[in-house]
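Structure assessment
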Amino acid sequence: MDLEQMWQSTLGEMQIQLSKAHFATWLKNSQLVEKKDDTIVVALPNNFTKTWVENKYQKNLLGIMRGFDGSVKKIEFVVGGKYFAQPTTIEAQEVDGIDLDFKTDPETGLNPKYRLSSFVVGPSNELAFAAATAITESIGKKYNPFFVYGGVGLGKTHLIQGIGNEIIFKHKGRVKPKYVSSEQFTRDIVWGLRNDRIESIKKKYRDVDVLIIDDIQFIGGKEKTEEEFFHTFNALYENDKQIIISSDRPPQSLPVLEDRLRSRFEGGLIADIAYPEFEMRVAIIKSKLDDMNRHLSDPVINLVAKKLRKNIRELEGVLKKIIFTQERKQTDITERMAEEIINKATQNTSKRISDTQILKAVAEFFNLTIEDIVSHTRRKEIVEPRQIAIYLLRDISDLSYPYIGEKLGRDHTTAIHSYEKINNEINRDPGLNQKILMIKDLIYKS
Ligand code: ADP
Ligand code: MG
């Protein structure tokens, strides 16, 4: 067995021992450099990975290798290696064994914690994920620009940062991605204009191969920023550079964007990320537990998945609280304990919106009265607003179907049907999605 074969077999063994996400994050891009006397030298892409692998996997790796070659006594890790880009200085810190404090690379704006390999895929995000994966292989060609939209905490940032990180790993420094929030972009432009440095700011953004802009809905308001974004966009686009954009709503609902920009977005691929369904929420919880090396019983996992439906960030937060409690109390969490933690955590986040606020906003949006909405008429122009009202009462306030039914003078099966109908259509019909976002705006502003 030659050295390379031995290393590949060692990796194969590790792959069996580790979760998919862990293997992909820590070892997939490792490389055997040489054998110096009794020492094997392995290269890792950056300091961060090196620190991690040294602390967590060194013993294991050595054990496996010694099984193949008894003369190996030591394993040494270096950053770099002939195939790697310059090392980035990112350091890991483990907080309570739960949180990994990853640091953003100042050059690319990317945070290594977001990997495509740790992105759980299901019906609500599979198109967006497929496009993301395709882009890492065919940069600037296939889906350009790539526009992804969806609600808060549903994985937009994770996905688009994941593309950037994947490109770094796959193309090892040959392709330059840059991630920026649209607030940061706006700040840069304003700063450049004020300090007569706009040319260098322009260069900074036009000098990349993949430009990733997060939360584009926050751009603009300032004409000059939008103008600059448009020119940057064109400059990159014309040079076949990849552009990736995220937003909380579809392009046609971005009020601030000029038409010329909107139509550019519409010329690429637009994908949405919807709410994850139950099975997917379970899968996400399991994968996060796996990452944290923690365990919870199935009933508790199911309970968390059942209760936290609309925001993966919130779901993760609750999960960490449960684990923290488990560790502090040194006892397995029961369903009852979990329920208590969940209730406490979600109480604080959802500031109570009254039923009337919701009905009023729907009525206002469609130019109707609340009486119209709760009336028994089946007129077409009332039916949809009524269904949307039902959807929002459930979506925002998590009210029971019988309660919602009663509120609108209907039985609970009608309430279920209306909710399901809107919930399904919202994923297919950007126009409907837009209406709902605008009504939510009205509700939260009231
Ligand atoms: P957004 O940018 O849409 O508000 P984020 O990308 O910040 O949402 O995601 C919120 C949290 O949920 C992050 O910690 C992210 O890792 C996690 N997350 C979201 N979607 C997924 C997924 N499909 N698989 C695994 N984790 C996810
Ligand atoms: Mg985000």
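First, a word on scope: everything that follows refers to the structure included in this document. This structure is a prediction, so every number in the text was calculated from the model and none was measured.

Grouped together as the largest cluster of nonpolar side chains are 28 residues, with contacts concentrated most on Leu-392, Ile-436 and Ile-443. Those elements that place two or more of their residues in this core are helix 15 (355-365), helix 17 (380-397), helix 18 (401-407), helix 19 (412-428) and helix 20 (430-445). Top element by residues in this core is helix 17. It accounts for eight residues. Apart from residues lying up to four places away in sequence, Ile-443 is in contact with Ile-353, Gln-357, Ile-358, Ala-361, Leu-392 and Ile-396. If you look at the next biggest cluster of nonpolar residues, it comprises 24 residues, including Val-300, Val-318, Ile-341 and Ala-345.

The five strands lie next to each other as 7-8-9-6-10, forming an open sheet whose pairing is parallel. Of all the strands in the sheet, just strand 7 (177-181) and strand 10 (269-273) have a single pairing partner and so form its edges. For this sheet, the mean inter-axis angle between neighbouring strands, taken without regard to orientation, is 15°. Bridging between strand 6 (residues 146-150) and strand 9 (residues 242-247) involves four bridges; their strand directions are parallel. Looking across to strand 9, one finds that Val-148 is bridged to Ser-246. This element, helix 6 (residues 156-171), spans strand 6, strand 7, strand 8 (210-214), strand 9 and strand 10 of the sheet and lies at about 150° to strand 6.

Before going further, it helps to examine the pairing of strand 10. The element strand 10 is largely enclosed, with a buried count of four among its five residues. Of the pairings in the sheet, the one linking strand 6 to strand 10 comprises five bridges and is parallel in character. Within the sheet, the bridge partner assigned to Val-148 lies in strand 10 and is Ala-271.

Time to look at the pattern of salt bridges. Taken as a whole and judged by the stated rule, the model has 19 salt bridges. Notably, a salt bridge pairs Asp-398 with Arg-309, separated by 2.5 Å at the nearest N-O pair. Of the two residues, Asp-398 sits in the loop between helix 17 and helix 18 while Arg-309 sits in the loop between helix 12 (298-307) and helix 13 (312-329), which places them 89 residues apart along the sequence. Using a relative accessible area of 42% as the deciding quantity, one classes Asp-398 as partly exposed.

Counted by the stated rule, this structure contains ten aromatic pairs. Ring plane angle 5° and centroid distance 5.9 Å describe the contact between Phe-119 and Phe-129, whose orientation is recorded as stacked. Placement of Phe-119 in the loop between strand 5 (99-100) and helix 5 (126-137) and of Phe-129 in helix 5 is noted, with a sequence separation of ten residues between them. What makes Phe-119 buried here is its relative accessible area of 9%. Ring plane angle 45° and centroid distance 5.1 Å describe the contact between Phe-147 and Phe-265, whose orientation is recorded as tilted. Of this pair, Phe-147 sits in strand 6 while Phe-265 is found in helix 10 (residues 259-266), placing the two residues 118 residues apart along the sequence.

Conventions used here
Residues numbered from 1 in each chain as written. Chains lettered and ligands numbered in written order. Predicted model: local features only at pLDDT ≥ 70, side-chain atom pairs only at ≥ 80, totals over all residues. Heavy atoms only, no water. Core = buried A, V, L, I, M, F, W, Y, C linked by side-chain atoms within 4.5 Å. Buried < 20%, exposed > 50% of the residue type's maximum accessible area, 1.4 Å probe, protein only. Helix = DSSP H or I, 4+ residues; strand = E, 2+ residues; numbered from the N terminus. Contact = heavy atoms within 4.5 Å. Pairing = 2+ DSSP bridges. Axes fitted to C-alpha atoms, helices over the stretch in contact; angles between N-to-C directions. Salt bridge = Lys/Arg side-chain N within 4 Å of Asp/Glu carboxyl O. Phe/Tyr/Trp six-rings, centres within 6.5 Å; stacked < 30°, edge-to-face > 60°.

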